[in-house]
Amino acid sequence: MEHLASHPTTRKDLTFLNQFDGQKTEPVTGHLTSFAGGNFILAGLVLKEDKYTKFGIELAESYFQTYNATASGIGPEVFRWVDAANPTGAPPADQADFYNKAGFWVTGSDYVLRPETVESLYYAYRATGDKKYQDLAWQAFNAINTKCRAGAGYSGLRDVSKADGGGFDDFQQSFFLAEALKYMYLIFVDDTPVQVKADGPNQFVFNTEAHPFKVRA
């Protein structure tokens, strides 16, 4: 929170996480990193530390804004920005207008059916009960269902910057079923013992591919 949180120069309302290579930070992140929002939210619930929950929600909402910014309605694999606290560098000329509006520019335009953004929306909803997170998840589902559906399955996309997703990569990752669709389902289904509890104690914990494991009593 102290060293990696970063706000783009053109969108200081957004919070992303810098990368750290052991020597310096760099304002680049990606779809995979958006799991951190849910991670902080869960930490806040378990430790009863509201500052972590609030920071996690801030991340979850910010990373979802990458979905709102692209023509396809789906966030890119990798993106960069200019850190407001250390404003060095600039976007490529052909992405300057996009950066001014979106607060980031795309450096990896593919989408490989990643679940992490909707995963964090799930934790945000479970922590707050605010239905706006259901609305965001539904928006993400509709974009993915429209752009990624390929015959009997779903395919990754080559370029989310294009309205049609830039074509298929002809590969359906296992985590699309195990995680992306599962978190989308869990955010809408009625409460069950498996669900994360805002007021605890939690009976189950999800592993890295969203399989529920019973918490030892």
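Structural data are supplied above this passage.
Residues numbered from 1 in each chain as written. Predicted model: local features only at pLDDT ≥ 70, side-chain atom pairs only at ≥ 80, totals over all residues. Heavy atoms only, no water.

Q: Which parts of the structure should I look at to understand the overall build of the protein chain?
A: Summing up its helical and strand segments, the protein chain has six helices and 11 strands in all. Compactness check: the protein chain gives a C-alpha radius of gyration of 17 Å against a globular reference of 17 Å for 217 residues, within 12% of the reference. With respect to the principal axes defined by its C-alpha atoms, the protein chain has extents near 55 × 45 × 30 Å. Out of the 217 residues belonging to the protein chain, those deemed buried represent 45%. Counting only contacts in the protein chain whose residues sit at least 6 apart along the sequence, the fraction spanning at least 24 positions is 63%. Counting only carbon and sulfur atoms, one obtains 53% of the accessible surface of the protein chain, whose full area is about 10900 Å². Mean positive and mean negative side-chain charge positions of the protein chain (20 and 26 charges, respectively) differ by 4 Å. (Helix = DSSP H or I, 4+ residues; strand = E, 2+ residues; numbered from the N terminus. Rg over C-alpha atoms; globule rule 2.2 N^0.38 Å. Buried < 20%, exposed > 50% of the residue type's maximum accessible area, 1.4 Å probe, protein only. Contact = heavy atoms within 4.5 Å. Areas by Shrake-Rupley, 256 points an atom, 1.4 Å probe, with all protein chains shown as cover. Lys, Arg positive; Asp, Glu negative; His and termini not counted. Charge placed at Lys NZ, Arg CZ, Asp CG, Glu CD.)

Q: Just checking my understanding: could you explain a nonpolar patch on the surface for this structure?
A: Among the surface-exposed residues, Val 205, Phe 213 and Val 215 lie close enough to one another that they form a single nonpolar patch of about 250 Å² accessible area. Exposure remark for Phe 213: the relative accessible area of 47% places this residue in the partly exposed category. (Patch = residues over 30% accessible without salt bridge, like charges linked within 9 Å, V, L, I, M, F, W, Y side chains within 5 Å. Salt bridge = Lys/Arg side-chain N within 4 Å of Asp/Glu carboxyl O.)

Q: Looking at this structure, how should I read the sheet that holds strand β7 (residues 105-108)?
A: In sheet architecture, strand pairing relies on hydrogen bonds along the backbone and comes in two forms, parallel and antiparallel. Spatially, the three strands line up as an open sheet ordered β5-β6-β7, and their pairing is antiparallel. Looking at the sheet topology across the chains shown, the edges are occupied by β5 (28-30) and β7. Here the strands of the sheet are splayed against their neighbours by 35 degrees on average, with no regard to which way each runs. Pairing analysis gives three bridges linking β5 to strand β6 (residues 78-80), with the strands arranged antiparallel. Counted as the bridge partner of Thr 29 is Phe 79 from β6. (Pairing = 2+ DSSP bridges. Axes fitted to C-alpha atoms, helices over the stretch in contact; angles between N-to-C directions.)

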